[in-house]
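Residue-level structural notes
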Amino acid sequence: MAPHELSRDSLLVALGRPQGAGDALAPALTPTSTYRAGGALNYARDGNPGWGDLETVIGALEGGDAVAFSSGMAAAAAVLETLPAGALVAVSRVAYHGVHVLLREREAAGRLRTRTIDTLDAAAAEAACDGAALLWIETPTNPLIGVADIAALSAAAHSHGAAVIVDSTLATPLRQQPLDAGADLVLHSATKFIGGHSDLLLGVVVTHEAERVEALVHRRQTDGSVPGVLEAFLALRGVRTLAVRLERAERTAGELARRLAVHPAVALVRYPGLPDDPGHGLAARQMSGFGAMLAFETVGDADTADRVCEGVELITHATSLGGVDTLLERRARYAAEREAGTPPTLIRVSVGIEDAEDLWRDLERALDSAVAS
Ligand SMILES: *Cc1c(COP(=O)(O)O)cnc(C)c1O
């Protein structure tokens, strides 16, 4: 069957595989720093067959051409380096901290200008795009799981001549299609849901504009921000199961969010799947599911929240997200998050694929003992 006849859930299993008679089903791992002269590739920074297989899959899921990088941050840096000197970047106030650091450093060096905007307020964001070369959106946002309107923001940015990039890491390529909604570029930290097993770093940018693809490939080749061969292999292996992992984790996230919302040790839950969440209506229109990330604020103070994080046993107290294992952390333990205004008792949870009842018993026990002590 032709790829256009298949759903995304089938594409991520079927694409990026050798197709010849007698070929192995799994792509080969090709560790090499150089290639024999006379072929398409000369040196390992030019490319590796394993990156190509992964790019085929992610590109098909997002509806564009994908370029893989050594990490999500390397991908973000490459996008910024394609901008002309002095370009203005309008960036969401709530975006991945590392992206803010990249921008701040380039601003300090006189390389780029930045303007911080509230992308959850589409009208205010529109005015803020005036004069910008690029609008940087993240949705859902990290760590507050807010939802920004990709179509409205893209239309607003385009009316000012600004290109739009969406960091879609939390949504995964299965829960929203930023390019269809009008964005020009999509970024994924494949370290998270795409890899899915907390065992690699990798980033991907997808776009349907050939010129941008060329510029990004040039950056990767020149800066050397190339994915590791094993990492690309593992990310491709990971993405094969994304649909089932996400379905399970998302169902559990919804269940945990509902139970947390009525637990006496919880002051507030942020999950767009809850009907009274501020992002619910928009997420219901923009996304095909509410994702596997949630956050909640405990009653009490930061110590109470820390006791919850230290009290869980099945759940792991660690940063990062998108893996099969459920992780949680109090985000304001980082100075940068405190400065960004993250509530002191906010605990972000990346829901994995363990049994939902086991996860709830673990969380409930930690919450109960955190408020009892
Ligand atoms: C983790 C993350 C990144 C950075 O990706 P790395 O692979 O860690 O370099 C960027 N954006 C979001 C939303 C992330 O969660």
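Structure report, in brief. (Residues numbered from 1 in each chain as written. Predicted model: local features only at pLDDT ≥ 70, side-chain atom pairs only at ≥ 80, totals over all residues. Heavy atoms only, no water.)

Section: the overall build of the chain
Each helix and strand in the chain was counted, giving 14 helices and twelve strands. For 373 residues, the compact-globule estimate of 2.2 N^0.38 gives 21 Å, and the C-alpha radius of gyration of the chain, at 21 Å, lies within 12% of that figure. Taking the principal axes of the C-alpha coordinates as reference, the chain spans close to 70 × 55 × 35 Å. Long-range contacts, defined here as pairs at least 24 residues apart, represent 70% of the contacts in the chain between residues at least 6 apart. By element, 53% of the accessible surface of the chain is carried by carbon and sulfur atoms, the whole surface being about 15,500 Å². (Helix = DSSP H or I, 4+ residues; strand = E, 2+ residues; numbered from the N terminus. Rg over C-alpha atoms; globule rule 2.2 N^0.38 Å. Contact = heavy atoms within 4.5 Å. Areas by Shrake-Rupley, 256 points an atom, 1.4 Å probe, with all protein chains shown as cover.)

Overview of empty space enclosed by the protein
With the rule as written, the count across this model stands at two cavities of 30 Å³ or more. There is about 50 Å³ of room inside the largest cavity. Of the residues contributing to the lining of the largest cavity, the split by class is six nonpolar, three polar and one charged. In this structure, the second largest cavity spans a volume of roughly 40 Å³. Along the walls of the second largest cavity sit Pro27, Ala28, Leu29, Thr30, Gly50, Asp53, Val229, Phe233 and Leu236, which together make up its complete lining. Those elements that place two or more of their residues in the lining of the second largest cavity are helix H2 (49–62) and helix H9 (229–239). The class makeup of the residues in the lining of the second largest cavity is six nonpolar, two polar and one charged. (1 Å grid on protein atoms, 1.4 Å probe; cavity = no way out; pocket = protein on both sides within 12 Å on 5 of 7 lines; lining within 4 Å. Points joined across faces, edges and corners; volume = space filled by probe spheres on them. Nonpolar A, V, L, I, M, F, W, Y, C, P; charged D, E, K, R; others polar.)

Brief notes about unusual backbone geometry
Here the residue pair Thr139 and Pro140 is connected by a cis peptide bond, since its omega of -15° sits within 30 degrees of zero. Positionally, Pro140 belongs in the loop between strand E4 (134–138) and helix H6 (150–159). A cis amide bond, omega 10°, links Asn142 with the succeeding residue Pro143. Structurally, the position occupied by Pro143 is in the loop between E4 and H6. Of note in the backbone geometry, Thr172 takes a positive phi value of approximately 65° without being a glycine. Among the structural elements, Thr172 can be located in helix H7 (residues 172–175). Looking at Thr172, the relative accessible area reads 1%, which means it is buried. Despite not being glycine, Ser198 has its phi angle at roughly 55°, a positive value. What makes Ser198 partly exposed here is its relative accessible area of 45%. (Buried < 20%, exposed > 50% of the residue type's maximum accessible area, 1.4 Å probe, protein only.)

What to know about the pairing of strand E6 (residues 185–189)
For E6, the buried fraction is high: five of the five residues fall into the buried class. Relative to E6, strand E5 (residues 163–167) runs parallel, the two sharing three bridges. The residue bridging Asp167 from the neighbouring strand is Leu187, located in E6. (Pairing = 2+ DSSP bridges.)

A few points about the nonpolar core
Ile58, Leu202 and Val239 are the most contacted members of the largest nonpolar core, which totals 35 residues. Elements represented by at least two residues in this core include exactly helix H1 (8–14), H2, strand E1 (65–69), strand E7 (203–207), H9, helix H10 (242–261) and strand E9 (293–298). Shared between two domains, this core takes at least three residues from each, and those domains are domain 1 (3–239) and domain 2 (243–372). Once residues within four sequence positions are removed from consideration, Ile58 is found in contact with Ala66, Ile194, Val204, Val206 and Val239. Listed in part, the 27 residues of the second largest apolar core include Phe69, Ala74, Ala95 and Ile165. (Core = buried A, V, L, I, M, F, W, Y, C linked by side-chain atoms within 4.5 Å. Domains from an automatic or database assignment.)

Regarding the environment of Glu297
Within the fold, Glu297 resides in strand E9. Put simply, Glu297 and Ala253 are 44 residues apart on the chain and 16 Å apart in space, counted from C-alpha to C-alpha. With near-sequence residues (within four places) excluded, Glu297 lies in contact with Ala265, Val266, Ala267, Leu268, Arg270, Pro343, Thr345 and Leu346. Of the polar contacts made by the side chain of Glu297, one reaches the side chain of Arg270; its length is 3.1 Å. (Polar contact = N/O pair within 3.5 Å; in protein donor to acceptor, adjacent residues only side chain to side chain.)

Concerning the site of the ligand
Lining the immediate environment of the ligand, one finds Ser71, Gly72, Met73, Tyr96, Glu138, Asp167, Thr169, Ser189, Thr191, Lys192, Leu202 and Leu321. One nitrogen or oxygen atom from the side chain of Thr191 is found 2.6 Å from an oxygen atom belonging to the ligand. Alone, the ligand offers 380 Å² of accessible surface; in the complex the protein occludes 94% of this. Grouping the constituent residues of the shell around the ligand by class yields four nonpolar, five polar and three charged. (Near = heavy atom within 4 Å.)

Read these as layout, nothing more, since geometry by itself doesn't imply function.
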